Amino acid sequence: MNIARILYPIRVLGPGNRVGVWFCGCSRHCSGCSNPELWPQDPKNEITVSRLFSLIRQISISNPIDGFTLSGGEPLEQSNALSELLPFLAQISPDILIYTGFTLDELRKKQNKAIQNILSHTAVLIDGSYDEARNDGCILRGSSNQTIHILNPYYRARYQQYLSEQNRNQIQNFTTPSGIISVGIHHRGFSKPESRKGKNHE
Ligand code: SF4
């Protein structure tokens with residue numbers, strides 16, 4: 001896999017204390033994307049599925065994990081590895097939220113075993129390309145053309161409550177050895193200083 005970062009606890013991209021995983025690689029190149037540094041894959045970010053899961057399991061030993069938020073980059077551009085990873089994550093928490101530029105309809109139409117396995121392990125899918133002109137502060141979404149699909153009915157009430165409690169999107173800053181990483185759904189026109197490489201929307 002090609003993974004840019006793992007952060008915990010993420011509290012601004014879904015309910016509870018979550019592990020966030022940012023995938024490298026996105027061929028979509030949406031105008032206004034605040035993570036263009038994640039468009040290419042980087043050989044130094046290569047990691048095996050088992051190593052990634054081992055790192056996450058280490059977090060889970062001494063910290064509560066209420067769910068996972070997978071973003072990027074485009075997680076579905078690494079569908080085989082993602083398909084392999086999700087059953088392991090589900091052992092810790094099946095509340096797995098994935099941001100993707102694909103639409104749910106596009107994914108459902110793909111005759112691809114890995115993608116169908118991903119959908120079967122996804123609690124919530126937030127789909128569609130980021131549209132800068134439609135970045136209007138909608139909760140959990142970068143732009144209003146994107147849809148929050150609650151695929152696992154067990155989590156419907158949890159997410160409905162979470163969404164109803166949010167007045168606006170929040171930002172979390174993490175200090176890391178490589179600088180400050182700003183996480184959350186950022187406003188339209190957000191531009192990152194060099195030291196604030198993070199994630200805004202899908
Ligand atoms: S907004 Fe998401 S889908 Fe669009 S270029 Fe950025 S990472 Fe890719």
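Residues numbered from 1 in each chain as written. Predicted model: local features only at pLDDT ≥ 70, side-chain atom pairs only at ≥ 80, totals over all residues. Heavy atoms only, no water.

1. With respect to empty space enclosed by the protein
Consideration 1: Under the definition given, this model contains two cavities of 30 Å³ or more.
Consideration 2: Every residue lining the second largest cavity is listed: Val12, Ile139, Leu140, Tyr162, Gln166, Asn169 and Gln170.
Consideration 3: Looking at the lining of the second largest cavity, its residues break down into four nonpolar, three polar and no charged. (1 Å grid on protein atoms, 1.4 Å probe; cavity = no way out; pocket = protein on both sides within 12 Å on 5 of 7 lines; lining within 4 Å. Points joined across faces, edges and corners; volume = space filled by probe spheres on them. Nonpolar A, V, L, I, M, F, W, Y, C, P; charged D, E, K, R; others polar.)

2. Notes on the pattern of salt bridges
Between side chains of opposite charge, a pair can form as their charged atoms come close.
Consideration 1: With the rule as written, the count across this model stands at three salt bridges.
Consideration 2: We note a salt bridge from Arg18 to Asp95, for which the minimum N-O separation is 3.1 Å. Of this pair, Arg18 sits in strand E2 (residues 18-23) while Asp95 sits in the loop between helix H2 (79-92) and strand E4 (96-100); the two residues are 77 residues apart in sequence, bridging distant segments of the chain. Taken individually, Arg18 and Asp95 each receive the classification buried, so the pair is uniform in this respect.
Consideration 3: Two residues, Lys44 and Asp42, come together in a salt bridge whose shortest N-O distance is 2.8 Å.
Consideration 4: The exposure class of Asp42 is partly exposed, given its relative accessible area of 26%.
Consideration 5: Connected via shared salt-bridge partners are Arg18, Asp95 and Arg158. (Salt bridge = Lys/Arg side-chain N within 4 Å of Asp/Glu carboxyl O. Helix = DSSP H or I, 4+ residues; strand = E, 2+ residues; numbered from the N terminus. Buried < 20%, exposed > 50% of the residue type's maximum accessible area, 1.4 Å probe, protein only.)

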